[in-house]
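So you can see what is in the structure, the chains are spelled out below.
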Amino acid sequence: MNKPNNQLVLSALGKDRPGIVDELSQAVFQLDCNISDSRMTVLGGEFAILLLVEGPWNQLARLESQLPELEKRLGLTIIARQTSPAKTSDDALPYLVEVVSMDNPGIVHRLANFFSRRNINIVDLVTSTYAAPHTGTAMFAVQMNISVPAGTPIGELREEFLQFCDEINLDAVLEPHKKQLI
């Protein structure tokens with residue numbers, strides 16, 4: 001017998017400290033729910049977490065009712081939203097985009113705008129800054145998974161993208177997405 005696929009997205013933000021993931025995941029586990037997908041990171045001194053929690057609807061409702069107590073106990077701001085399983089499109093092609101450049105304002109916006117104008121969905125996006133070896137120059141890296149509509153001429157898309165990147169001085173790669181990012 002399959003369990004109903006009820007889903008709840010939790011978003012939490014608070015001062016970073018050891019034990020947050022332990023305590024939040026324990027609250028989910030104690031209600032017989034499951035974390036089926038997540039993203040967690042420390043940004044500055046803040047800890048940010050996104051969880052996709054699955055379980056029986058009544059247990060997810062209990063979890064939602066416990067959020068004010070969890071917020072207080074964990075020192076987090078938590079937002080919850082009911083959702084449903086993502087619709088997968090057999091006619092979309094997964095691609096990986098990697099970009100590196102000197103750090104300049106507006107890179108994420110320019111990349112997002114390039115793909116948005118072509119009706120290409122950004123599924124996942126991670127950015128980071130670092131100092132270049134030897135020179136210490138501030139560098140910016142972007143890695144994203146995109147979903148390219150079937151029928152899009154990939155050769156033309158790749159050519160347009162690489163020309164776009166050359167014009168704004170970005171080193172870039174656009175290639176088929178082979179495996180999940182971790």
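Residue indices follow the written sequence of each chain, beginning from 1 at its first position. This being a predicted model, a pLDDT of at least 70 is required before a residue's local features are given, and a value of 80 or more before pairs of side-chain atoms are given or counted; all residues contribute to the totals for chains, interfaces and linings. Hydrogens and water are ignored here; the side-chain numbers use all heavy atoms of the structure.

1. A look at the environment of F115
Note the threshold: A run of H or I in DSSP counts as a helix once it spans at least four residues, and a run of E counts as a strand once it spans at least two, with each numbered from the N terminus. It only takes one pair of heavy atoms within 4.5 Å for two residues to be counted as in contact.
Within the fold, F115 resides in helix α3 (residues 107-116). For F115 and L157, which are 42 residues apart along the polypeptide, the C-alpha to C-alpha distance reads 9.7 Å. Among all residues touching F115, those that are not within four sequence positions of it are V97, I120, M144, I146 and F161.

2. What about the packing of helix α1 (residues 20-30) against helix α2 (residues 57-74)?
The condition that has to hold: Fitting a line to C-alpha atoms yields each axis, with helices limited to the stretch in contact; the angle taken between N-to-C directions then spans 0 to 180 degrees. Any angle from 65 to 115 degrees is called roughly perpendicular, while one under 35 is roughly parallel, one over 145 is roughly antiparallel, and all others are oblique. If you view the pair so one helix is near and one far, a crossing is left-handed when the near helix is turned anticlockwise from the far one by less than a right angle, and right-handed when it is turned clockwise. Side-chain classes follow a simple rule in which Ala, Val, Leu, Ile, Met, Phe, Trp, Tyr, Cys and Pro form the nonpolar group, Asp, Glu, Lys and Arg form the charged group, and the remainder, Gly included, forms the polar group.
Close contact between α1 and α2 brings their axes to 11 Å; oriented N to C, the two are set at 160°. Here α1 lies roughly antiparallel to α2, going by the angle between them. As α1 runs across α2, the sense of the crossing is right-handed. In this structure, α1 uses E23, L24, A27 and V28 to contact α2, whose residues at the interface are L63, L70, R73 and L74. By residue class, the composition of the contact of α1 with α2 is 6 nonpolar, no polar and 2 charged.

3. Quick word on the packing of α3 against helix α4 (residues 154-167)
At a closest axis distance of 12 Å, the pairing of α3 and α4 adopts a crossing angle of 155°. By the angle between their axes, α3 is roughly antiparallel relative to α4. Once α3 is placed against α4, the crossing between them reads as right-handed. Here R110, L111, F114 and F115 of α3 come into contact with α4, specifically with L157, E160, F161 and F164. Residue composition of the contact of α3 with α4, grouped by class: 6 nonpolar, no polar and 2 charged.

4. Let's talk about the pairing of strand β1 (residues 6-15)
Test applied: Whether two strands pair depends on DSSP finding at least two bridges between them.
Across 10 bridges, β1 lies against strand β3 (residues 46-55) in antiparallel orientation. When the bridges of β3 are listed, G14 appears paired with F47. Pairing of β1 with strand β4 (residues 76-83) involves 8 bridges; the strand directions are antiparallel. Each bridged residue has a counterpart across the sheet, and for A12 the counterpart in β4 is I78.

5. Some thoughts on the sheet that holds strand β8 (residues 171-176)
Read across the open sheet, the 4 strands follow the order β6-β7-β5-β8; overall the sheet is antiparallel. At either end of the open sheet lies a strand with only one pairing partner, and these are β6 (121-131) and β8. Within this sheet the neighbouring strands show an average axis-to-axis angle of 15°, counted without direction. Pairing analysis gives 11 bridges linking strand β5 (residues 92-102) to strand β7 (residues 138-149), with the strands arranged antiparallel. Along β7, the bridge assignment pairs S101 with F140. Contacts from α4 reach β5, β7 and β8 within the one sheet, and its direction differs from that of β8 by about 165°.

6. Structural notes on the sheet that holds β3
Sheet strands pair via backbone hydrogen bonds, and the direction of the pair is either parallel or antiparallel. The sheet built from 4 strands is open, its strands ordered β2-β3-β1-β4 with antiparallel pairing. Here the strands that pair on one side only, and so sit at the sheet edges, are β2 (34-43) and β4. Put simply, the sheet's adjacent strands are angled 10° from each other on average, direction ignored. Relative to β3, β2 runs antiparallel, the two being bridged by 9 bridges. Across the sheet, the residue bridging to M40 is I49, located in β3. Sheet strands in contact with α1 are β1, β2, β3 and β4, and its direction is about 20° off that of β3. Strands β1, β3 and β4 of the sheet are contacted by α2, whose axis makes an angle of about 165° with β4.

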